[in-house]
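# Descriptive analysis of the structure
What follows is each chain in one-letter form.
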Amino acid sequence: MRIARFSIDGNVAFGAVEGDKQDELVLDIIKGIPFADFELSGTKVPLSKVRLLPPVLPNKVVAFARTYREHAQELGNAVPEAPFAFFKPSTSVIGPGDEIQYPSFSEELHHEAELAVVIGRMCREVPRERVKDVIFGYTCANDVTARDVQKREKQWARAKGFDTSCPLGPWVETDLSVEAANDLTIQLTVNGEQRQLGRTSEMIHPIEDLIVNISEAMTLLPGDVILTGTPAGVGPLNVGDEVAVTIEGIGTLTNKVVKRG
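In this report, we go over the structure that sits alongside the text. (Residues numbered from 1 in each chain as written. Predicted model: local features only at pLDDT ≥ 70, side-chain atom pairs only at ≥ 80, totals over all residues. Heavy atoms only, no water.)

## Overview of the pairing of strand S11 (residues 113–119)
Along S11, seven of the seven residues are buried, which leaves the element largely enclosed by surrounding structure. Where burial is concerned, the two faces of S11 agree: the one with Ala 113, Leu 115, Val 117 and Ile 119 and the one with Glu 114, Ala 116 and Val 118 are both buried. Relative to strand S17 (residues 225–227), S11 runs antiparallel, the two being bridged by three bridges. For Val 117, the partnering residue across the bridge sits in S17 and is Ile 226. (Buried < 20%, exposed > 50% of the residue type's maximum accessible area, 1.4 Å probe, protein only. Helix = DSSP H or I, 4+ residues; strand = E, 2+ residues; numbered from the N terminus. Pairing = 2+ DSSP bridges.)

Here you go:
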C-alpha cells in the first residue's frame, strides 16, 4: 500500500494511493493514523486535487554516511568499518513539490539520492531478525548538502541540517520486504539529466545493520526516518534546477531549487 499525507481545503489527512497511471491516481482517505489500526473511509479524492505533504513528520531523521563504497571514494573519504550516523532536524523536512532553498551561507550545494526507511513502532535494541517488524515502509529522500560547509566545519549540523535540506516523498510504500528494499534501483536527475544511478544492494551495510546500529543507542519512534546513504554521482545544484529522485517500486520525488528569500 502507498500511504500519502496530503492537504485539501485546509485539512490534513492520510490516504491510500490507488491506481497505476499518474493522471488517474486517487486517494482513499484513511480513518485515523497509519501507525495504528486504521480503516479506509471509502471517500476518494483525485491526487491532482490535493497538495502532497511530507509523508511523515519525523521526530528525528537519522542519516547514515558513506554506506556506498564508490560514493565515499569519489569524495576522498575512507570507508567506515561500522555504520556512521548523523542527524537532520525535523525542520529540514519538506515534501514533494516543495522548494529547496539554496542556503545563503553556501556556494556549493549538492544532491544525494537516498532510500529512506520509515519506522512504524516504538523500538529499541532491535535484533537483526526483528528489523522487518519495526519498519512501516519506504520512501524517497534527497540528503541535500552544503558541500563547502561540510568540508570546512567538523560538525555537519549546518551543512546537512539547514531548512529544506531533507525532501521526502512522494508517499510511503508499505508492501516492500526488507529483502526487496535491499536491492532496488535508485537514480537522480537534474533538469532531466541523469546524475546518479545505483542499487541499494551496493550498500556496504544493509538496512538491517543500520537499524540494529542506531537502535542500540536510542529509541526509535513511529514516523522516524532512517536515511540509508547515497550512491556515487553526487554533484552540484543551482538555483532554478529541478531535481528528481526515483526509486524502483516506490515512486519519484521532485523538488525545485530556489534562492533563499
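## A word on unusual backbone geometry
Note the cis peptide between Gly 169 and Pro 170, where omega equals 5°. Relative to the helices and strands, Pro 170 is located in strand S14 (residues 166–173). Here Glu 125, not a glycine, exhibits a phi torsion of approximately 50°, which is positive. Inspection of the secondary structure puts Glu 125 in the loop between S11 and helix H2 (131–134). Here the phi dihedral of Asn 191 falls at roughly 55°; this positive angle occurs in a residue that is not glycine. Note that Asn 191 resides in the loop between strand S15 (185–190) and strand S16 (193–199).

## Focus: the packing of aromatic side chains
Summed over the entire model, instances satisfying the criterion amount to four aromatic pairs. With a centroid separation of 5.5 Å and 80° between ring planes, the pair formed by Phe 84 and Trp 156 is classed as edge-to-face. Placement of the pair is Phe 84 in strand S7 (residues 84–88) and Trp 156 in the loop between helix H3 (147–152) and helix H4 (157–161), with a sequence separation of 72 residues. Given the relative accessible area of 36%, Phe 84 is considered partly exposed. The exposure class assigned to Trp 156 is buried, which follows from its relative accessible area of 15%. Ring centres of Phe 86 and Trp 156 lie 5.2 Å apart, and the angle between their planes is 70°; this geometry places the pair in the edge-to-face category. Residue Phe 86 is located in strand S7, and its partner Trp 156 is located in the loop between H3 and H4; the two are separated by 70 residues in the primary sequence. Here Phe 86 and Trp 156 have matching classes, each one buried. Put simply, the rings of Phe 84, Phe 86 and Trp 156 pair up and form one aromatic cluster. The positively charged end of Arg 2 is found above the aromatic ring belonging to Trp 171, 5.5 Å away from the centroid. For Arg 158, the ring lying beneath its charged end belongs to Phe 105, and the centroid distance is 4.6 Å. (Phe/Tyr/Trp six-rings, centres within 6.5 Å; stacked < 30°, edge-to-face > 60°. Lys NZ or Arg CZ within 6 Å of the ring centre and 35° of its normal.)

## As for the sheet that holds strand S20 (residues 251–259)
With mixed pairing, five strands are arranged side by side in an open sheet as S9-S20-S19-S15-S16. Across the chains shown, the open sheet's two edge strands, defined by having one partner strand only, are strand S9 (99–102) and S16. Averaged over all neighbouring strand pairs, the angle between strand axes comes to 20°, with direction disregarded. Where S15 meets S16, six bridges bridge the pair, whose relative direction is antiparallel. Within the sheet, the bridge partner assigned to Ile 186 lies in S16 and is Gly 198. (Axes fitted to C-alpha atoms, helices over the stretch in contact; angles between N-to-C directions.)

## Description of the nonpolar core
In terms of nonpolar packing, the biggest core is built from 44 residues, with Tyr 138, Ile 207, Ile 211 and Ile 226 touching the most fellow members. With five residues, the single largest contributor to this core is helix H6 (residues 207–215). Once residues within four sequence positions are removed from consideration, Ile 207 is found in contact with Leu 115, Val 117, Ile 135, Tyr 138, Val 178, Ala 181, Asn 182 and Thr 228. Ranked by size, the runner-up nonpolar core spans 20 residues in total, among them Ile 3, Phe 136, Trp 156 and Leu 168. (Core = buried A, V, L, I, M, F, W, Y, C linked by side-chain atoms within 4.5 Å. Contact = heavy atoms within 4.5 Å.)

## Remarks on the sheet that holds strand S18 (residues 235–237)
With antiparallel pairing, the three strands of this open sheet are ordered in space as S13-S10-S18. The open sheet terminates on both sides in strands that have one partner only, identified here as strand S13 (145–146) and S18. Examined bridge by bridge, strand S10 (residues 109–111) and S18 share three bridges and lie antiparallel to one another. Looking at S18, one finds that His 110 is bridged to Pro 236.

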